[in-house]
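As a plain string of letters, each chain reads:
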Amino acid sequence: MMTQLFLLASIVLILVSRVTGLHSFEVYRMLQMDTPEGKIGSQRSSLNFMATTFQSDISSFSKRIVILSFNDLIASSPSPLSDLVQSKHAEAVLIVLPESLDNLSISSIDSWNRLESELITQSHNIPVYFTYKDATLQEIYDHIERHGGSSSTDNYQMAVSSSESQLVKDVSLFNFQGWLKGAGEKLPTIAIVANYDTFGIIPELAVGDGSGTVAALEMARIFSKLYAEVKSKGKYDIVFVLTSGGYLNYAGSGKWLEEKTDNSILESIDFALCLDSLLGDQLYLHVSRPPKDAAVQKIYETFTNTSQALNVNFEIVHKKINIAQPDIFWEHEQFSRKRIIAATLSSRSSPSSPFSRNGMIATAAYNTSQISKNIQFAAEAIGQYIYDLKQVGLIQDNEDVSEVRVESWMSSLKKFPRVSPFMAPSSAFFTSLEQALKQHTTQVTKETFTLEADHKFYAPAVATMTAYRAKGFTFDVMMSVVVAAYLLVIYSLIKGKNVVVAATDLLNS
């Protein structure tokens, strides 16, 4: 009987005194990746630790998960994350992002982009998660801040129950292409190329920029209108190519060029224009060839004259390719290595590092009108080149850029994290790209290639974290005394007065 009472009391003690206030929420794990140079990101995924905050004055965070606000994270350089792990021995970190990234200041965006470039070079042997702030999480944070994990007050325990990270196998990447055929046979080709995928330290939140992809799709629509009429068909074929693997030296463009076994296609490419970020009010045409021959000189003059006519801030940046350099900084360099005249149009004056080109908040704030103006410029310059015109106005006179469509595509892209290894082949994003190309071009194909074996990615990228309120140690001691007294009373009532006398004698001895 006594054993049964003890077991019952133990269960009551656990249920009543330890755990209350469950709160479950979605969290996004820091990237875990293996590269030839080493490991990147968070190397673990499961956790179950008492929570504390970054501002806590305790000397060690051993056996604790540290809650770190976005503002605290970006406030210092270098990142405080390494210090939390190496000096204060944190067992896990939860970084709380603002409820919305759309209203971040320019300085906050710049600080995050700098920080992301830093974090993407580090490896941490603990779970590191990100989540968005909500009212309940703020209450938890405030409670911990007030009480500091005192043994006399309630504490919060946080847990992610999952198996440890698993290698993502058989990663497939996809390129899409569609054609507009000009007036004639065996015509030279203009290639309009954009990289659609993203990369960032938080794969499930890496919605990136996407303005280059939007520009390619809008240009496909514009030129499809011109090419729909026999009288306005150009004497060039146009191929629109949307590529993957931008963070891997623009692997998609490389594969697209490699797999063109019919050399006549490559030989027909007269010029390839690669579209990078087009968010800013200053545009740069990055090129690899100096204007020595007539074809290159024509491209330079066409873009320069068009920029002057449309009042676009424009500059040509020439950088010779070093074939011995393994890193490819701009997408046009893949074409240049095949001796194809190519350029990248971008609002960036210099390239970003390969693993930080399109992170979480690249488009937290953007101006649709500015993007549309930049697309108008790109389309007009290509139109001038195709039709060999001397006066600007082809695109404006026939089919203006649609700001409504640009905004629709930009909004849509913000809904799709596009880190390729974590995208399902059946993703609605791939379907929308293919449908858009089919609407405006012909001979649309989706080409598959495999991720290089020396780059490995690990899941999970998203998980559920549970925060539960646990009573402090002092409360546990008090409850234990109460339960013990309760058991003694019950036992005494069952066994009789002799038990009380015996218990009293025992205590007095």
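## Regarding the overall build of the chain
Thought 1: Scanning the chain from N- to C-terminus turns up 16 helices and 20 strands.
Thought 2: Burial status across the chain gives 52% buried among its 509 residues.
Thought 3: The long-range fraction of contacts in the chain, counting pairs at least 24 apart against all pairs at least 6 apart in sequence, stands at 83%.
Thought 4: Total accessible area on the chain stands at roughly 23,200 Å², and carbon and sulfur atoms take up 52% of it.

## Looking at helix α13 (residues 403-413)
Helical geometry note: an α-helix holds 3.6 residues per turn, so side chains three or four residues apart project in the same direction.
Thought 1: When we look at burial in α13, the residues that qualify are Val406, Trp409, Met410 and Leu413. Down the axis of α13, the sector holding all buried residues measures 100°, keeping them to one side.

## Brief notes about the pattern of salt bridges
Thought 1: Enumeration according to the criterion identifies 7 salt bridges in this entry.
Thought 2: Residues Lys255 and Glu258 are paired through a salt bridge, measuring 4.0 Å at the closest nitrogen-oxygen approach. You can see Lys255 and its partner Glu258 sitting in helix α7 (residues 251-258), 3 residues apart, about one turn around the helix.
Thought 3: Looking at Glu258, the relative accessible area reads 53%, which means it is exposed.

## Considering the packing of helix α6 (residues 211-227) against helix α11 (residues 368-387)
Thought 1: As a packed pair, α6 and α11 sit with axes 10 Å apart at the nearest point and diverge in direction by 45°. In this view, α6 runs oblique relative to α11, as classed from their interaxial angle. Taken as a pair, α6 and α11 cross one another with a handedness that is right-handed. Across the interface between the two elements, Ser211, Val214, Ala215, Glu218, Met219, Ile222, Phe223, Leu226 and Tyr227 of α6 pack against Ile371, Ile375, Ala378, Ala379, Ile382, Gly383, Ile386 and Tyr387 of α11.

## Examining the side chain of Arg29
Thought 1: Mapped onto the secondary structure, Arg29 falls in strand β1 (residues 19-29).
Thought 2: Buried charge Arg29 goes without a salt bridge, the closest partner of opposite sign being Glu164 at 6.2 Å.
Thought 3: Polar side-chain contacts of Arg29 include one of 2.8 Å to the backbone oxygen of Pro460.

How each quantity is defined
Residues numbered from 1 in each chain as written. Predicted model: local features only at pLDDT ≥ 70, side-chain atom pairs only at ≥ 80, totals over all residues. Heavy atoms only, no water. Helix = DSSP H or I, 4+ residues; strand = E, 2+ residues; numbered from the N terminus. Buried < 20%, exposed > 50% of the residue type's maximum accessible area, 1.4 Å probe, protein only. Contact = heavy atoms within 4.5 Å. Areas by Shrake-Rupley, 256 points an atom, 1.4 Å probe, with all protein chains shown as cover. Arc of directions from axis to C-beta. Salt bridge = Lys/Arg side-chain N within 4 Å of Asp/Glu carboxyl O. Axes fitted to C-alpha atoms, helices over the stretch in contact; angles between N-to-C directions. Parallel < 35°, antiparallel > 145°, perpendicular 65-115°, else oblique. Left-handed = near helix turned anticlockwise from the far one by under 90°. Lys, Arg positive; Asp, Glu negative; His and termini not counted. Polar contact = N/O pair within 3.5 Å; in protein donor to acceptor, adjacent residues only side chain to side chain.

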